[in-house]
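Now for the letters of each chain:
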Amino acid sequence: MAATSLAEARALLLSPLGPVARAGENANPVRVSFEFFPPKTDEAEANLWKAVRRLEPLNPAFVSVTYGAGGSTRERTHRTVQRILSETTLKPAAHLTCVEASREEVDQVIQDYKAIGVDHIVALRGDPPGASGIGGAYQPRADGYANATELARAIQRAGGFQTSVGVYPEKHPESPSLDHDIDVLKAKVDAGATRALSQFFFDIDAFLRFRDRVRAAGVQIALIPGIMPVSNFAGLQRMSASCGASVPAWLAAHFEGLDDDPETRKLLAASVAAETCARLQEEGFSDFHFYTLNRADLVYAICRVLGVREHKATA
């Protein structure tokens, strides 16, 4: 916990303020990062850059750009990363997967990123292709990297990169156990991973238990909670089902009957995510990774709660 003594812990318990209000009194600096995805249409492109410009002054540690399985967004991802480099002050981290790609193809993407000045890659195995998606049967290519561990090792061989990897605090859908997941994370660290970004979650206690098990296993790299403020509850249920993130009954109750009330849903989404972050801040976390869905309003508000303020940006 952030509280370093029994007296401080007792003060938190007796405080008349909730976690969000207490966050306003927390003087410890917070670092944030944001995930974007490459747009498919002109309208989506405009929405992305509106979000980028809104969040840029918050001076994030980095911004990541997703990458479709088998390189399905390869050109759009590369173009988005290149534009972030050339037109903003942001530090991009390019996602990279090994699904349906040869080692030679992946190595070329790594070199392409190095050539344009990218020094941070988010190494992910990627979802099984086609209708099966995450949780479905995964079959690595004979001439490809089998998993994120092999991919992280290839990135380190290329040299000059920091490497982030993913973790699932409530167990990867394809994994037999959390212990197996932690063994995989240890292998990724041995392969050169420098930080772990978590899948989004809503069960804070489950995430903290995962943190404790990771640390007990001797893994000391940064473990950064992934936060997704989602106002579309139906969409949230679909995403959660695919990635194994539990949806608590209290969260479902909050959104019940609000299908035709998007403004109230947005307020609730921001409230839930802000309280999650504020509680985690009191547990000692000072880094947060936001899945923005290419929208800035909710994320910006939550950053304000955490004390993140705008900086003057000069491209």
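Let me sum up the structure you'll find in this document. It should be emphasised that the depicted structure is a prediction, and the values quoted were computed from it without experimental measurement.

1. Brief notes about the packing of aromatic side chains
Per the stated rule, a full pass over the model turns up five aromatic pairs. Between F34 and F290, the aromatic rings sit 6.2 Å apart at their centres with planes inclined by 40°, giving tilted as the arrangement. Residue F34 is located in strand β1 (residues 31-36), and its partner F290 is located in strand β8 (residues 287-291); the two are separated by 256 residues in the primary sequence. Each member of the pair, F34 together with F290, is buried. Residues F207 and F285 carry aromatic rings whose centres are separated by 5.4 Å and whose planes lie at 50° to one another, so their mutual orientation is tilted. With a gap of 78 residues between them, F207 in helix α8 (residues 204-216) and F285 in the loop between α11 (262-282) and β8 connect regions that are remote in the sequence. A relative accessible area of 10% means that F285 is categorised as buried. Ring pairing ties together the aromatic residues F201, F207 and F285, which thus form one cluster. The ring centre of Y300 lies 3.7 Å from the NZ or CZ of R54, which sits over that ring. The ring of W49 has R83 sitting right over it, with the charged end atom 4.0 Å from the ring centre.

2. Points about the nonpolar core
In terms of nonpolar packing, the biggest core is built from 66 residues, with F34, I110, L280, F288 and F290 touching the most fellow members. Look past the residues within four positions of F34 in its chain and what remains in contact with it is L55, L58, P60, F62, V63, S64, H289, F290, T292, V299 and C303. Listed in part, the 16 residues of the second largest apolar core include F200, M228, A269 and Y291.

3. Digging into the pattern of salt bridges
Once the charged atoms of two side chains with opposite charge are near each other, the side chains can pair. Applying the stated rule across the entire model yields eleven salt bridges. A salt bridge links D287 to R31, with the shortest nitrogen-to-oxygen separation between them at 2.7 Å. With D287 in strand β8 and R31 in strand β1, the pair connects residues that are 256 residues apart, well separated along the chain. Residue classification places R31 among the partly exposed positions, given a relative accessible area of 43%. Note that D143 is salt-bridged to R141, the shortest N-O span being 2.8 Å. Residue classification places D143 among the partly exposed residues on the basis of a relative accessible area of 34%. Beyond isolated ion pairs, a larger network of salt bridges with shared partners links E45, R83 and E87.

4. Here we look at α11
The end-to-end C-alpha distance of α11, which contains 21 residues, comes to 30 Å, matching closely the 30 Å that a straight helix rising 1.5 Å per residue would cover. Within α11, the full set of buried residues consists of R265, A269, A270, V272, A273, A274, T276, C277, A278, L280, Q281 and E282. A positive phi of about 105° marks G284, the residue just after α11.

Rules used throughout
- Residues numbered from 1 in each chain as written.
- Predicted model: local features only at pLDDT ≥ 70, side-chain atom pairs only at ≥ 80, totals over all residues.
- Heavy atoms only, no water.
- Phe/Tyr/Trp six-rings, centres within 6.5 Å; stacked < 30°, edge-to-face > 60°.
- Helix = DSSP H or I, 4+ residues; strand = E, 2+ residues; numbered from the N terminus.
- Buried < 20%, exposed > 50% of the residue type's maximum accessible area, 1.4 Å probe, protein only.
- Lys NZ or Arg CZ within 6 Å of the ring centre and 35° of its normal.
- Core = buried A, V, L, I, M, F, W, Y, C linked by side-chain atoms within 4.5 Å.
- Contact = heavy atoms within 4.5 Å.
- Salt bridge = Lys/Arg side-chain N within 4 Å of Asp/Glu carboxyl O.
- Expected span 1.5 Å × (residues − 1).

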